[in-house]
Amino acid sequence: MVCLGNICRSPMAHGIMERIVKENDLGWEIESAGTGDWHVGEPPDPRAIKTAAKHGIDISGQVCRLFQISDFDTYDYIFTMDRNNLNDLLAIARDQEDVKKIKLLLGDKIVPDPYYSDKQFEPVFKLIEAGCRKLVGKLMLIAQA
């Protein structure tokens, strides 16, 4: 899960996806990162932590990190929150194998950045949760094929 600073959207997506994976006993490894390094080493935004906690998800132990080229080798899928994140990763992809792994979390739609408005965290959480549930359904079908 990748967003700009790894403090709002991708940490919430990380926590949501971990819960869904656990609920479905899938054993998948979930991680999040940012394309910018402003918050490396910091916890997620307190508003993201509070919003996730309201839904029974604890993301307070996450530590913001910068996306690394090695993530292309570690993960089968890399989901971005918006087109800027998508383009940033496409720009550093080493080859077509890397490119194939990068997708928008919501298909052709973006996850808006709630950073500048406290009121956007809850709707963004719900948007990410719906997207993650849909995504897990698709990925489970792929895994069964």
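Shown above is the structure to which this text applies.
Small disclaimer: the values here were computed from a predicted structure and weren't measured. (Residues numbered from 1 in each chain as written. Predicted model: local features only at pLDDT ≥ 70, side-chain atom pairs only at ≥ 80, totals over all residues. Heavy atoms only, no water.)

Novice: How should I be thinking about the pattern of salt bridges in this particular structure?
Specialist: Between side chains of opposite charge, a pair can form when the charged atoms approach closely. If you walk through the whole model with that rule in mind, you get 15 salt bridges. Between lysine 126 and glutamate 122 there is a salt bridge, with the nearest N and O atoms lying 3.7 Å from each other. Here lysine 126 pairs with glutamate 122, and both are found in helix α6 (residues 121-144), just four residues apart, close to one helical turn. Here the salt bridges share partners, and the residues they tie into one network are Arg19, Glu23, Glu129 and Arg133. (Salt bridge = Lys/Arg side-chain N within 4 Å of Asp/Glu carboxyl O. Helix = DSSP H or I, 4+ residues; strand = E, 2+ residues; numbered from the N terminus.)

Novice: Help me out: how do you make sense of the packing of helix α2 (residues 46-54) against α6 in this one?
Specialist: Two quantities define a packed helix pair, namely the angle between the axes and the distance from one axis to the other. α6 packs onto α2 with a crossing angle of 60 degrees between their chain directions and a minimal axis gap of 10 Å. Relative to α6, the element α2 lies oblique. As for how α2 packs across α6, the hand of that crossing is right-handed. Of α6, the residues touching α2 (which contributes Arg47, Ala48, Thr51, Ala52 and Lys54) are Phe121, Glu122 and Phe125. Within the contact of α2 with α6, the residues separate by chemical class into four nonpolar, one polar and three charged. (Axes fitted to C-alpha atoms, helices over the stretch in contact; angles between N-to-C directions. Parallel < 35°, antiparallel > 145°, perpendicular 65-115°, else oblique. Left-handed = near helix turned anticlockwise from the far one by under 90°. Contact = heavy atoms within 4.5 Å. Nonpolar A, V, L, I, M, F, W, Y, C, P; charged D, E, K, R; others polar.)

Novice: I'm lost on the environment of asparagine 87 in this one. Help?
Specialist: On the secondary structure map, asparagine 87 appears in helix α4 (residues 83-92). For asparagine 87, a relative accessible area of 44% gives the class partly exposed. (Buried < 20%, exposed > 50% of the residue type's maximum accessible area, 1.4 Å probe, protein only.)

Novice: What is the right way to look at unusual backbone geometry in this model?
Specialist: Residues other than glycine predominantly adopt negative phi, and peptide bonds predominantly adopt the trans conformation. A positive phi is found at asparagine 6, a non-glycine position, where the angle reads about 60 degrees. You can see asparagine 6 is positioned in the loop between β1 (2-3) and α1 (9-23). On the basis of relative accessible area, asparagine 6 is assigned to the buried category, the value being 1%. Backbone geometry at aspartate 25 places phi at a positive 50 degrees, although glycine is not the residue there. Within the element layout of this structure, aspartate 25 appears in the loop between α1 and β2 (33-34).

Novice: Would you mind going over α2 with me for this structure?
Specialist: Restricting attention to buried positions, one finds in α2 the residues Ala48, Thr51 and Ala52. Along the axis of α2, the buried positions cluster into a sector of 95 degrees, meaning they face one direction only. Away from its buried face by more than 90 degrees, α2 exposes Pro46, Lys50 and Lys54. Next to the buried residues of α2 lie α1 and α6. For α2, the N-terminal capping position is held by aspartate 45, with its side-chain oxygen 2.7 Å away from the main-chain nitrogen of arginine 47. Directly beyond the C-terminal end of α2, a positive phi value near 80 degrees is found at glycine 56. (Arc of directions from axis to C-beta. Polar contact = N/O pair within 3.5 Å; in protein donor to acceptor, adjacent residues only side chain to side chain.)

Novice: So what exactly am I meant to see when it comes to the packing of α1 against α6 here?
Specialist: The geometry of α1 relative to α6 is characterised by a closest axis approach of 9 Å and an angle of 40 degrees between their N-to-C directions. Considering their axes alone, α1 and α6 lie oblique with respect to each other. Relative to α6, α1 is oriented so that their crossing is right-handed. Contact residues: α1 offers Arg9, Met12, Ala13, Ile16, Met17, Arg19, Ile20 and Glu23, while α6 offers Phe121, Val124, Phe125, Ile128, Glu129, Cys132, Arg133, Leu135 and Val136. Partitioned by chemical class, the residues of the contact of α1 with α6 number twelve nonpolar, no polar and five charged.

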